[in-house]
Amino acid sequence: MEEHDIKKELDAQDAPILRAQQGQVPKWELPPGYLDQLADRTLDQATTKPVTRYRHLQVVARWAVAAAVILAAGLWWMSNQEVGTVEQFAELDWNSIPTEDLQQYVSDNIEEFDLDLLTEGARETAGSAVVPPTPADEISIEALEEFLGDDEEWLDDLESDEWF
Amino acid sequence: MQPAEKDTQILQLLGDPARREQGFRLLVNTYGDRLYQHIRRMVHTHEDTDDVLQNTMVKVYRSVDRFRGQSQLYTWLYRIATNESLTFLERQKRQRTLFTYNPEGSLPMARAAEVELDGEHIRQRLDQAIATLPPKQKAVFSMRYFEERSYQEMADIFTTSVGALKASYHHAVKKIESYLSQG
């Protein structure tokens, strides 16, 4: 009945090749004794699985122990490294460093822009050793006019609305 | 002995710890061939079929205590075998995304030697055509075309609707007929 339905279904689907071959396709031949061997292998596997799991756990445990040893060795190595502390830095004898070395360090490591910022900061700080403060009344009028007169043209470049 | 009586005998033996192995051997000898054919139509080579069938049987052996008899024994066995085959094909697909894969090229080269008889030739051509189907369509086509299962039985095995199975089978028939008509 079902086979008949299948053939009718294939007719309805306009599948003449499949319709002609339905029921004619040979089965695969099993190797001799295959099912008995399959039963043996299955029973072996089904009963030895817990051992496999135990062995798997053993492997995982070994890796875990190895990782813990490596981690402990790494922590020990790091804890024995000499690292400078804030106190050691504060105790540094700055006077023992030659001035030339300090200037060389500044020229090598601080850009001009940074130097300007440092200079401005020093001007605002009373008693700064970098640039001593200059009282305004000690600057002569002539000196100021000469200074401003050199770059007077820059005022003309600015638009009036930029001031407001 | 009627199939239902044989199933009852198998289940009684499996339920007895002293005769469990005997019951399992009877189950393998009763259903092993049919499950082999079903799995092989999905995974195509003997080696892969052997692996999938063994995994299926291990699962059957370990979970047979949970079989409540709400469905027929073969329905339960086919469900496990189909799921194992689909899992295998999915894993195979993931592995093959890492490499170049030609579905027809994956069929064993030795099969060329089988084109001696008409029946063998038909089987080989059908096998090549089925290899082009998506995994679930393979399973549906195999069950309907070769096993001649009703849609209701298949719905029990696949735990899906009859309508979905009819649509899937229809698509599979169209693709395979088209493939066969080209060569």
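Note that the structure is predicted; figures quoted are calculated from it, not measured. (Residues numbered from 1 in each chain as written. Chains lettered and ligands numbered in written order. Predicted model: local features only at pLDDT ≥ 70, side-chain atom pairs only at ≥ 80, totals over all residues.)

Colleague: Go over the overall build of chain A, please, and point to the residues and values.
Modeller: Across its full length, chain A holds seven helices and zero strands. For chain A, the α and β elements follow one another from N to C terminus as α-α-α-α-α-α-α. Within chain A, the proportion of its 164 residues that are buried is 4%. (Helix = DSSP H or I, 4+ residues; strand = E, 2+ residues; numbered from the N terminus. Buried ≥ 20, exposed ≤ 12 C-beta atoms within 10 Å, placed from the backbone.)

Colleague: Explain the overall build of chain B residue by residue, including any values.
Modeller: Helices and strands together make up the secondary structure of chain B, namely eight helices and zero strands. Mapped from its N terminus to its C terminus, chain B presents α and β elements in the order α-α-α-α-α-α-α-α. Within chain B, the proportion of its 183 residues that are buried is 33%. When contacts within chain B are restricted to residue pairs at least 6 apart in sequence, long-range pairs at least 24 apart make up 63% of them. (Contact = placed C-beta atoms within 7 Å.)

Colleague: Describe the packing of helix H2 (residues 20-43) of chain B against helix H6 (residues 135-146) of chain B, listing the residues and the values that go with them.
Modeller: Residues and elements named next belong to chain B. With their axes 9 Å apart at the nearest point, H2 and H6 run at an angle of 135° to one another. With respect to H6, the axis of H2 lies oblique. For the element pair H2 and H6, the recorded crossing hand is right-handed. Residues His38, Arg41 and Met42 of H2 form the contact with H6, whose own contacting residues are Lys138, Ala139, Ser142 and Phe146. Across the contact of H2 with H6, the residue classes tally to three nonpolar, two polar and two charged. (Axes fitted to C-alpha atoms, helices over the stretch in contact; angles between N-to-C directions. Parallel < 35°, antiparallel > 145°, perpendicular 65-115°, else oblique. Left-handed = near helix turned anticlockwise from the far one by under 90°. Nonpolar A, V, L, I, M, F, W, Y, C, P; charged D, E, K, R; others polar.)

Colleague: If you had to explain the nonpolar core to someone new, which residues and values would you point to?
Modeller: If you look at soluble globular proteins, the nonpolar side chains tend to sit buried side by side. Residue and element names in this part refer to chain B. By size, the foremost hydrophobic cluster in this structure holds 45 residues, and its most contacted members are Ile39, Leu77 and Val140. The element that contributes the greatest number of residues to this core is H2, accounting for nine residues. Each residue touching Val140, except ones within four places of it in the same chain, is listed here: Met154, Leu165, Ser168, Tyr169 and Ala172. (Core = buried A, V, L, I, M, F, W, Y, C linked by C-beta atoms within 7 Å.)

Colleague: Describe the confidence of the model for chain A, and please don't skip the residues or the numbers.
Modeller: Residues and elements named next belong to chain A. Overall, the prediction assigns chain A a mean pLDDT of 75, with 60% of residues at 70 or greater. Per-element mean pLDDT across chain A ranges from 64 in helix H4 (residues 86-90) up to 93 in helix H2 (residues 16-21). The low-confidence segment residues 159-164 (pLDDT under 50) makes zero contacts with residues lying over four places distant or belonging to another chain. (pLDDT = per-residue confidence, 0-100.)

Colleague: An account of the interface of chain B and chain A is needed here, citing residue identities and associated values.
Modeller: On the side of chain A, 24 residues touch chain B, which itself brings 32 residues to the contact. Among the elements that take part in the side of chain B that touches chain A, H2(B) stands out by supplying ten residues, more than any other. Partitioning the side of chain B that touches chain A into residue classes produces 14 nonpolar, eight polar and ten charged.

Colleague: Break down helix H8 (residues 162-182) of chain B for me, citing the residues and quoting the values.
Modeller: All names here are of chain B. With 21 residues, H8 extends 30 Å from end C-alpha to end C-alpha; this agrees with the ideal 30 Å at 1.5 Å per step. Burial in H8 covers these residues: Leu165, Ser168, Tyr169, Ala172, Val173 and Ile176. Down the axis of H8, the buried side of the element spans an arc of 140°, and every buried residue falls inside it. Along H8, exposed side chains directed more than 90 degrees from the buried face belong to Gly163, Ala167, Ser181 and Gln182. (Expected span 1.5 Å × (residues − 1). Arc of directions from axis to C-beta.)

Colleague: Which residues make up the environment of B:Glu177, and what values do they have?
Modeller: Mapped onto the secondary structure, B:Glu177 falls in helix H8. Linking B:Glu177 and B:Ala129, residues 48 residues apart in sequence, is a C-alpha distance of 8.5 Å. In this view, B:Glu177 contacts A:Ala15, A:Ile17 and A:Leu18; residues no more than four positions away in its chain are not counted.

Colleague: Break down the packing of H6(B) against H8(B) for me, with residues and values.
Modeller: Helix packing geometry: the angle between the two helix axes and the distance between the axes. Residue and element names in this part refer to chain B. Between H6 and H8, whose axes approach to 9 Å, the crossing angle comes to 95°. It follows that H6 is roughly perpendicular to H8 by the angle criterion. Here Lys136, Gln137, Val140, Phe141 and Arg144 of H6 lie close against H8, whose contacting residues are Leu165, Ser168, Tyr169, His171 and Ala172. A breakdown of the residues in the contact of H6 with H8 according to their chemical character gives five nonpolar, three polar and two charged.

Colleague: I'd like to hear about unusual backbone geometry, residue by residue, with values.
Modeller: The residue B:His44 is not glycine, and still its phi comes out positive at about 80°. You can call B:His44 buried: it has 21 C-beta atoms within 10 Å.

Colleague: Explain the confidence of the model for chain B to me, using residue names and the numbers behind them.
Modeller: In regions of low pLDDT, the predicted coordinates are not meant to be interpreted in detail. Residues and elements named next belong to chain B. Taken over all residues, the pLDDT of chain B has a mean of 87, while the share at 70 or more is 87%. Counting contacts from residues 108-116, a segment whose pLDDT is below 50, to residues more than four positions away or on other chains yields seven contacts. Overall fold confidence (pTM) sits at 0.61, and the ipTM for the predicted complex is 0.81.

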